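Single-letter residue listing:
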Amino acid sequence: MFTIKTNQADETEKIGDQLATSLKPNDVILLDGDLGAGKTTFTKGLAKGLGIKRYVKSPTFTIIHEYREGRLPLFHMDVYRLEDGGGDDLGWDEYFYGDGVSVIEWSQFIEEYLPDEYLRITISRNDESDDQRILKFEAQGSRYATLLNDFKKDIK
Ligand code: ADP
Ligand code: MG
């Protein structure tokens with residue numbers, strides 16, 4: 001586990017951009033944190049790092065956006081609307097094992113469908129500054145421990 005502090009939205013985007021270079025097919029990233037924490041901002045940077053040029057906007061209403069123009073497909077999900085259940089038949093495994101990168105905002109709402117291994121990034125605000133965020137990275141499983149090690153070297 002390690003944390004990174006950012007002081008503005010651009011910096012959070014840049015971290016996403018840098019993480020993208022280490023990603024492989026079937027990687028799953030959980031993005032947790034309150035509304036306005038910066039989950040979509042992070043994903044914009046990650047998409048950019050994968051070479052996606054299309055404008056990335058929050059899939060709040062459609063739940064899943066697919067981008068297939070980059071180095072790897074990106075499946076960007078915001079499952080907030082599944083809070084009350086009903087997420088059972090969206091075919092999660094076709095995304096998680098679909099040779100792309102899955103990024104899931106509000107992953108706690110589909111907890112029972114998540115794979116056993118993933119990278120969890122929790123973004124929280126710092127009360128002292130409006131634009132400061134703490135990004136906490138936690139690996140679940142050996143693939144993600146390796147990913148985090150590589151990533152840590154890259155951002156130094
Ligand atoms: P979420 O997807 O978590 O609901 P968004 O990424 O949509 O959050 O929104 C985050 C908002 O906070 C954006 O308006 C962004 O410009 C702003 N912001 C300010 N500082 C930061 C920061 N350090 N990192 C990320 N976003 C920030
Ligand atoms: Mg969002």
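Residues numbered from 1 in each chain as written. Chains lettered and ligands numbered in written order. Predicted model: local features only at pLDDT ≥ 70, side-chain atom pairs only at ≥ 80, totals over all residues. Heavy atoms only, no water.

S.K.: Describe the sheet that holds strand 4 (residues 74-78), listing the residues and the values that go with them.
M.R.: With respect to topology, 7 strands assemble into an open sheet ordered 1-7-6-2-5-4-3, the strand pairing being mixed. Two strands close off the open sheet at either side, each with one partner strand: strand 1 (2-6) and strand 3 (64-67). Direction aside, the axes of adjacent strands within the sheet are offset by 20 degrees on average. The pairing of strand 6 (residues 118-126) with strand 7 (residues 129-140) spans 9 bridges and is antiparallel. Looking across to strand 7, one finds that Asn-126 is bridged to Ser-129. (Pairing = 2+ DSSP bridges. Helix = DSSP H or I, 4+ residues; strand = E, 2+ residues; numbered from the N terminus. Axes fitted to C-alpha atoms, helices over the stretch in contact; angles between N-to-C directions.)

S.K.: Tell me what's going on with the pairing of strand 7, and back it up with residues and numbers.
M.R.: As defined by bridge partners, strand 1 adjoins strand 7 across 5 bridges and the pair is classed as antiparallel. By the bridge assignment for strand 7, Thr-6 is matched with Arg-133. Between the end of strand 6 and the start of strand 7, which pair antiparallel, lie 2 residues.

S.K.: Describe the site of ligand 1, listing the residues and the values that go with them.
M.R.: Lining the immediate environment of ligand 1, one finds 15 residues, of which Thr-12, Gly-36, Lys-39, Thr-41 and Asp-131 sit closest. Residue Thr-12 places a side-chain N or O atom 2.6 Å away from a nitrogen atom belonging to ligand 1. One of the side-chain nitrogen or oxygen atoms of Glu-105 is found 3.2 Å away from an oxygen atom of ligand 1. Among the elements of the structure, helix 1 (9-20), helix 2 (39-49) and strand 7 are those that each provide at least two residues to the shell around ligand 1. With 3 residues, helix 2 is the largest single contributor of residues to the shell around ligand 1. A class-by-class count of the residues in the shell around ligand 1 yields 3 nonpolar, 7 polar and 5 charged. (Near = heavy atom within 4 Å. Polar contact = N/O pair within 3.5 Å; in protein donor to acceptor, adjacent residues only side chain to side chain. Nonpolar A, V, L, I, M, F, W, Y, C, P; charged D, E, K, R; others polar.)

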